[in-house]
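A look at the structure
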Amino acid sequence: MDIKETLFSLSRAPGPMGFESAAAQKAAELLRPLADEVGADRLGNVTAWIRSKKAGAKPVVLLDAHLDEVGVMVTGEKDGFLSFRTLGGVDPRILPACPFVLLTDPVTPAVVACLPPHVLKDGESDKAHKTEDLYLDAGGVSVPVGTPGVFAAQPFAMGSLAVGKAFDNRASFTAILRALEQLDRETLNADVVVCGSALEEFGGKGALTAGYGVRPDIAVVIDVTHASTPDAPALGTVKLGGGVCINRGPDCNRALTQQLIEIAKAKDIPHQIEVSCGMSGTNATEYQTVREGVCTAVLSIPLRYMHTPSETLNTEDIEACARLLKEWVAAL
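Residues numbered from 1 in each chain as written. Predicted model: local features only at pLDDT ≥ 70, side-chain atom pairs only at ≥ 80, totals over all residues. Heavy atoms only, no water.

1. Quick word on the sheet that holds strand E4 (residues 71-78)
Overall, antiparallel pairing links the six strands, which are arranged E4-E5-E8-E7-E6-E9 in a closed barrel. Each strand of the sheet is rotated relative to its neighbour by a mean of 45°, with strand direction disregarded. Bridge count for strand E7 (residues 108-112) against strand E8 (residues 135-137) is two bridges, and the pairing is antiparallel. Counterpart to Val-112 in the pairing with E8 is Leu-136. (Pairing = 2+ DSSP bridges. Helix = DSSP H or I, 4+ residues; strand = E, 2+ residues; numbered from the N terminus. Axes fitted to C-alpha atoms, helices over the stretch in contact; angles between N-to-C directions.)

Here is the structure:
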């Protein structure tokens, strides 16, 4: 499996929160050769079962990576332009002149309108925009209210790095696929369930229903986390290319977290310790408390420029995450 090409194919599939069907279909397509059973639930989560061939009772292990991405939704029309609001946390500072694809059939290209500097009044260039003051220019094309859209960004390589939209969280789903590819299914001591979850950007609702339906004994949530840049605070960021991040915090079971750390050390897998002093901001919060509670851990992949059309990562961190998942599942 080519990690970069798999990541790029997932990135190209649109899946704004609540409208994940195209991304879910691509995820299911990539899972089928690696799983015994692939399906979907009522909320749009993609689930795949890899069943142990050994007799007797076995634990159920769930590996989760959300498939939804941030985007926009059309809310109205004014003078041939489209008003909109964001789906998920999009910083309005990045929106002026940003191109989007609105998910009509066929799709409608659009760009966020902005004033050039030549016509701005004194002091206007220093003001931050509010989303409610911005409009989409779709070339006069009529677009129904409620139409979602995503960044119009094609993934590309930048030196040793990869750049694209929706790497949050298609990067983590790529890591799961890579781990399954390396796993010896004949020696599994657990049933493994992969969940490409919906609606993570809307409060983890997909994880809540998946955890309730699958009833896992153990869950490992894989997501992205903030990689450092020269202007970023040292606290709360990690090193791009520094390996998979293992989270320590109240969202994570201490014994399971320590087990992952020990495996990473024993197998010489590049890794970093990430600290969350509160909720991790991932689906772990939902899995940890569903039904009577699930033993949960969090792994993360370093990512720059989250929730933008230019999310940037090092695919070696995806490989490190995949190796750790594979070694941990094999050791159960």
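Let's pick the thread back up.
2. Considerations on the packing of aromatic side chains
Per the stated rule, a full pass over the model turns up two aromatic pairs. When the centroid spacing of 6.4 Å and the interplanar angle of 10° are considered together, the rings of Phe-8 and Phe-167 count as stacked. With Phe-8 in helix H1 (residues 3-12) and Phe-167 in helix H3 (residues 167-182), the pair connects residues that are 159 residues apart, well separated along the chain. Per residue, the accessibility class of Phe-8 equals that of Phe-167, and both read buried. Over the ring of Phe-202 we find Lys-205; its NZ or CZ atom is 4.2 Å from the centre of that ring. Here the guanidinium or amino end of Arg-291 rests over the ring plane of Tyr-212, the centre of that ring lying 3.7 Å away. (Phe/Tyr/Trp six-rings, centres within 6.5 Å; stacked < 30°, edge-to-face > 60°. Buried < 20%, exposed > 50% of the residue type's maximum accessible area, 1.4 Å probe, protein only. Lys NZ or Arg CZ within 6 Å of the ring centre and 35° of its normal.)

3. Thoughts on the side chain of Asn-45
Summarising the element assignment, Asn-45 is placed in the loop between strand E1 (37-40) and strand E2 (46-50). Taking relative accessible area as the criterion, Asn-45 reaches 0% and is therefore assigned buried. For Asn-45, the side chain forms a polar contact with the side chain of Asp-41, separated by 2.7 Å. Of the polar contacts made by the side chain of Asn-45, one reaches the backbone nitrogen of Ala-198; its length is 2.8 Å. (Polar contact = N/O pair within 3.5 Å; in protein donor to acceptor, adjacent residues only side chain to side chain.)

4. Remarks on the pattern of salt bridges
Following the criterion strictly, the structure yields 11 salt bridges and no others. Two residues, Glu-37 and Arg-51, come together in a salt bridge whose shortest N-O distance is 2.9 Å. Of the two residues, Glu-37 is situated in strand E1 and Arg-51 in the loop between E2 and strand E3 (60-66); the sequence distance between them amounts to 14 residues. Here Glu-37 falls in the partly exposed class, since its relative accessible area comes to 41%. Between Glu-186 and Lys-53 there is a salt bridge whose closest N-O contact spans 4.0 Å. (Salt bridge = Lys/Arg side-chain N within 4 Å of Asp/Glu carboxyl O.)

5. Focus on the packing of H1 against helix H2 (residues 21-31)
Contact pair H1 / H2: the axes reach a minimum separation of 8 Å and the direction vectors enclose 150°. Of the possible angle classes, the one that applies to H1 and H2 is roughly antiparallel. Every pair of crossing elements has a handedness; the one defined by H1 and H2 is right-handed. Side by side, H1 and H2 meet where Thr-6, Ser-9 and Leu-10 of the first sit next to Lys-26, Ala-27 and Leu-30 of the second. Taken together, the residues of the contact of H1 with H2 break down into three nonpolar, two polar and one charged. (Parallel < 35°, antiparallel > 145°, perpendicular 65-115°, else oblique. Left-handed = near helix turned anticlockwise from the far one by under 90°. Contact = heavy atoms within 4.5 Å. Nonpolar A, V, L, I, M, F, W, Y, C, P; charged D, E, K, R; others polar.)

6. Structural notes on the sheet that holds strand E17 (residues 311-314)
What the three strands build is an open sheet, ordered E10-E11-E17; its pairing is antiparallel. Each edge of the sheet is formed by a strand with only one pairing partner; in this case those strands are strand E10 (156-158) and E17. Neighbour to neighbour, the strand axes of the sheet diverge by 35° on average, direction disregarded. Bridge analysis of E10 against strand E11 (residues 161-164) gives three bridges, and the strand direction is antiparallel. By the bridge assignment, Ala-157 is partnered in E11 with Ala-162.

7. What to know about the nonpolar core
In this structure, Leu-63, Phe-173, Leu-299, Leu-324, Leu-325 and Trp-328 are the most contacted members of the largest nonpolar core, which totals 56 residues. Leave out the neighbours within four places in its chain, and Leu-299 touches Val-220, Val-221, Ile-222, Asp-223, Val-244, Cys-245, Ile-246, Leu-260, Cys-321, Leu-324 and Leu-325. Core analysis: the next-biggest nonpolar cluster, separate from the first, contains 17 residues, Val-70, Phe-100, Ala-110 and Phe-151 among them. (Core = buried A, V, L, I, M, F, W, Y, C linked by side-chain atoms within 4.5 Å.)

8. Topic: the packing of H1 against H3
The N-to-C vectors of H1 and H3 enclose an angle of 135°; their axes lie 9 Å apart at closest approach. Looking at the two axes, H1 sits oblique to H3. Handedness of the H1/H3 crossing: right-handed. Where H1 abuts H3, its residues Ile-3, Thr-6, Leu-7, Phe-8, Leu-10 and Ser-11 lie against Phe-167, Arg-170, Ala-171, Phe-173, Thr-174, Leu-177 and Arg-178.

9. Things to note about the pairing of strand E9 (residues 148-151)
Note that E4 and E9 share two bridges and pair antiparallel. The partner of Val-72 across the bridge, within E9, is Gly-149.

10. Observations concerning unusual backbone geometry
For the bond from Asp-105 to Pro-106, the omega torsion is 0°, close enough to zero to count as cis. Along the chain, Pro-106 turns up in the loop between strand E6 (99-102) and E7. Geometrically, the link from Asp-168 to Asn-169 is a cis peptide bond, its omega value of 20° lying close to zero. Looking at the secondary structure, you find Asn-169 in helix H3. Phi is positive for Leu-199, close to 60°, though the residue is something other than glycine. Residue placement: Leu-199 occurs in the loop between strand E12 (191-197) and helix H4 (205-214).

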